[in-house]
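Structural description and commentary
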Amino acid sequence: MFQRWPHGAVIEAWRRCTFGVLPSTGLEACATVVMEANALGRPMIVTRVGGLPEIVDDGQSGLLVAPGDVGDLAAAMQRLIDDHELRERMSAASVTKATTLMASVIVPRIEAAYGSVLARKSAQLTDPAGFSHSRASRA
C-alpha cells in the first residue's frame, strides 16, 4: 500500500506526523528513515537493534524499546501521545541529533580514523633509521 513513495511525499508525511516508529527486529545498520525524521524534528521510537541505538538517544531524541516486545512498544507510543512537553523536548533534541549525523560531520571523522590507521601502519613499516622494511628487504 505505501511502497515506492516519491521522496517529497515521504517528507510531507513526516511533517504531518507527531512521531515515528521503527520496530525493527533486523540489524538495521543506519536507518535513513530515522535520520529524516530527526532532521524534521520528529522523535522516533525504535528497537534496540543494530545501529538504531546510535541514531536515537534514549529519552533525549526518542525512545528505545526491546525488539519484539509489543507491550514495551505500546507503552512508548502512549507515553509520547500523552506527554506533549516530552515530545517537544525530543523534537528539539532530534534536530540537534540530526546535525551530528550529517555527511559534513561524519565524513571528516571517518577520514580522520582512516588517516590514523594509515599513520600507525606506516610507522610500523618504517624502521628507526627511516628505511621501510620493504626497501631494506630488496637491498
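Described in the following lines is the structure provided in the data block. (Residues numbered from 1 in each chain as written. Predicted model: local features only at pLDDT ≥ 70, side-chain atom pairs only at ≥ 80, totals over all residues. Heavy atoms only, no water.)

1. Here we look at the environment of Thr99
Short version of the rule: Each helix corresponds to a stretch of at least 4 residues labelled H or I by DSSP, and each strand to a stretch of at least 2 residues labelled E; elements are numbered beginning at the N terminus. Classification of residues uses two cut-offs on accessible area relative to the type maximum, computed with a 1.4 Å probe and protein chains only: under 20% is buried, over 50% is exposed, and between them is partly exposed.
Along the polypeptide, Thr99 turns up in helix α5 (residues 84–100). Its relative accessible area of 40% is what places Thr99 among the partly exposed residues. A C-alpha to C-alpha distance of 8.9 Å links Thr99 and Asn38, two positions 61 residues apart in sequence.

2. Re the pattern of salt bridges
Basically, it comes down to this: The salt bridge criterion pairs a side-chain nitrogen of Lys or Arg with a carboxyl oxygen of Asp or Glu, the two atoms within 4 Å.
Enumeration over the complete set of coordinates arrives at four salt bridges. For the salt bridge of Arg16 with Glu12, the shortest nitrogen-to-oxygen distance reads 2.9 Å. You can see Arg16 and its partner Glu12 sitting in helix α1 (residues 7–16), four residues apart, about one turn around the helix. Given the relative accessible area of 68%, Arg16 is considered exposed. A salt bridge links Asp58 to Arg48; the shortest N-O distance between them is 3.5 Å.

3. Considering the pairing of strand β3 (residues 62–65)
Going by this rule: A pair of strands counts as paired when DSSP detects no fewer than two bridges linking them.
By the alternation rule, side chains of β3 split into Gly62 and Leu64 and Leu63 and Val65, which are all buried. The pairing of strand β2 (residues 44–47) with β3 spans four bridges and is classified as parallel. Bridged to Ile45 within β3 is Leu63.

4. As for the sheet that holds β2
The following threshold applies: Every axis in this analysis is a line fitted to C-alpha atoms, fitted for helices over the stretch in contact. Angles between the N-to-C directions lie between 0 and 180 degrees. Throughout, a residue-residue contact means that at least one pair of heavy atoms, one from each residue, lies within 4.5 Å.
Taken together, the three strands give an open sheet; going across it, the order is β1-β2-β3, and neighbouring strands pair in parallel fashion. Bordering the open sheet on either side are β1 (20–22) and β3, each of which pairs with just one other strand. Sheet twist, expressed as the mean angle between neighbouring strand axes with direction ignored, is 15 degrees. Sheet analysis places β1 next to β2, joined by three bridges and oriented parallel. The residue of β2 that forms the bridge with Val21 is Ile45. Seen against the sheet, helix α4 (residues 70–82) touches β1, β2 and β3 and runs at an angle of roughly 165 degrees to β3.

5. Notes on the nonpolar core
Our working definition: By nonpolar core we mean a set of buried residues, namely Ala, Val, Leu, Ile, Met, Phe, Trp, Tyr and Cys, connected to one another through side-chain atoms within 4.5 Å.
Leu22, Ala31, Val34, Met44, Val46, Leu52 and Val56 are the most contacted members of the largest nonpolar core, which totals 13 residues. Residues in contact with Ala31, not counting those within four places in the same chain, are Leu22, Leu52 and Ile55. Within the second largest apolar cluster, nine residues are counted, among which are Phe19, Leu63, Leu80 and Leu86.

6. Describing the side chain of Ser24
Cut-off, in case you're wondering: Polar contact criterion, stated in full: a pair of N or O atoms within 3.5 Å, where within protein one must be able to donate a hydrogen and the other to accept it, and residues adjacent in sequence count only if both atoms are side-chain atoms.
Assignment of secondary structure puts Ser24 in the loop between β1 and α2 (32–39). Among the polar contacts made by the side chain of Ser24, one reaches the main-chain amide nitrogen of Gly26 at a distance of 3.2 Å.

Keep in mind these values describe shape, not function.
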